[in-house]
Amino acid sequence: MKLHQTKRQDAAIPTASMADIAFLLIIFFMVTVTFEVDKAQLTLPESQIRLEVPKKSAYVSVTEDGTIRVSSGEEISVVVPGPEDVVSFAASVVASDPTKVFVIKADTNTRYQLVDRVIDGLKQAKVETIFLLSGPEAMDEAGEAGGAAGGVG
Amino acid sequence: MHFRNRGSRKVSDEIPTASMADIAFLLIIYFMVTTTFAATRGLDWALPKDEDNPPLVEKEESVLVEIQAAGNLVVDGQPMQLDEILDYLEPKLERNPMKPVIIRPDANAPYGRMVDVFDELRRGQELGVEVKNISIPTQREIEAFWF
């Protein structure tokens, strides 16, 4: 009597589709990647209206301690000594691209005076459109009246 | 005589793909690390085109929203909460849809407060109180044109 011969199962994990999955993920990350031109760490102000900032926009970042960084959107941002220097920077950017969008990335606690001088610099350089970078509004209406974030849920 | 390659050794005709996944995952990790889902959203603000001849805003006809250093708001001389501004503006804008609204933050006011007010005025569009004419003059402009 001939016994049923046990078929030997191969123990390998099928890896043929692994590369496909991997490349799919690569493509996803390649498409979504935006190289951050400004690495300044700050707390953005919150707003409900939040429109997408065009890619390759020029950046002016203002931190709470008053450090101003500028970037034309192509390279990493550099610190400039004061708000007066924003004018010459913006003028040179506008000269090469008159429709360039400027993004103001300022800390929510920055004194307005400083932001005012930056905006003034951009106006003098004849910038057409600026974006005030903002974060999503917290779902906390209680904090609105007092200005402080009331954590009463 | 001894030949090293006695007999035909079978050469595999497959492309070695074993390392493909390694390379791919390396790239994935690279893009994952460099990807920043950066906060690339904000409030757009179209600046006046001709800076030399700014649109003349009559001080008397406009609504002045002052932001004091502590962050509290004074609208046309009356203290007001942020969510009361649109109610205050509604009848005025019904009469004159182009009524200018001037935001004037104090030099020491926090920047975030100005964004709050700007956002609130822009949000009026959704709530049926469209504020078409918002201006935020800079200190230099105030000194030059405010009289």
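Residues numbered from 1 in each chain as written. Chains lettered and ligands numbered in written order. Predicted model: local features only at pLDDT ≥ 70, side-chain atom pairs only at ≥ 80, totals over all residues.

This part is about the sheet that holds strand 4 (residues 78-80) of chain B. All names here are of chain B. In spatial order, the strands read 4-3-2-5-6; together these 5 strands make up an open sheet with mixed pairing. Two strands lie at the open edges of the sheet, namely strand 4 and strand 6 (133-135), each paired on one side alone. Between one strand and the next, the sheet's axes are offset by a mean angle of 25 degrees, whatever the strand orientation. Across 3 bridges, strand 3 (residues 73-75) lies against strand 4 in antiparallel orientation. Looking at the pairing, Leu73 lines up with Met80 of strand 4. Running at roughly 165 degrees to strand 5 (residues 100-105), helix 3 (residues 111-123) makes contact with strand 2 (63-67), strand 3, strand 5 and strand 6 of the sheet. (Pairing = 2+ DSSP bridges. Helix = DSSP H or I, 4+ residues; strand = E, 2+ residues; numbered from the N terminus. Axes fitted to C-alpha atoms, helices over the stretch in contact; angles between N-to-C directions. Contact = placed C-beta atoms within 7 Å.)

Right, let's get into the environment of Thr15(A). Residue and element names in this part refer to chain A. Mapped onto the secondary structure, Thr15 falls in the segment before helix 1 (18-32). For Thr15, a count of 11 C-beta atoms within 10 Å corresponds to the exposed category. Remark: the alpha-carbon pair of Thr15 and Arg111, spanning 96 residues in sequence, is separated by 57 Å. (Buried ≥ 20, exposed ≤ 12 C-beta atoms within 10 Å, placed from the backbone.)

On the chain B side, the residues contacting the 51 residues of chain A number 43 residues. With 9 residues, the single largest contributor to the side of chain A that touches chain B is helix 1 of chain A. In terms of residue class, the side of chain A that touches chain B is built from 26 nonpolar, 14 polar and 11 charged. In terms of strand pairing, strand 2 (residues 51-52) of chain A meets strand 1 (residues 41-46) of chain B through 2 bridges, oriented antiparallel. When the sheet's bridge partners are listed, Leu51(A) is paired in strand 1 of chain B with Gly42(B). (Nonpolar A, V, L, I, M, F, W, Y, C, P; charged D, E, K, R; others polar.)

Quick look at the confidence of the model for chain B now. Residues and elements named next belong to chain B. Averaged over chain B, the pLDDT score is 80; the fraction of residues at 70 or greater is 82%. Averaged pLDDT values over the elements of chain B bottom out at 81 in helix 4 (residues 139-145) and peak at 90 in strand 3. The complex prediction reports pTM at 0.72, with the ipTM value standing at 0.70. (pLDDT = per-residue confidence, 0-100.)

Quick look at the confidence of the model for chain A now. Close inspection of predicted coordinates is inappropriate for parts of the model with low pLDDT. When the pLDDT values of chain A are averaged, the result is 80; 86% of them are 70 or greater. For residues 141-153 of chain A, every residue scores under 50 in pLDDT, and the model assigns this stretch 12 contacts once sequence neighbours within four places are set aside.

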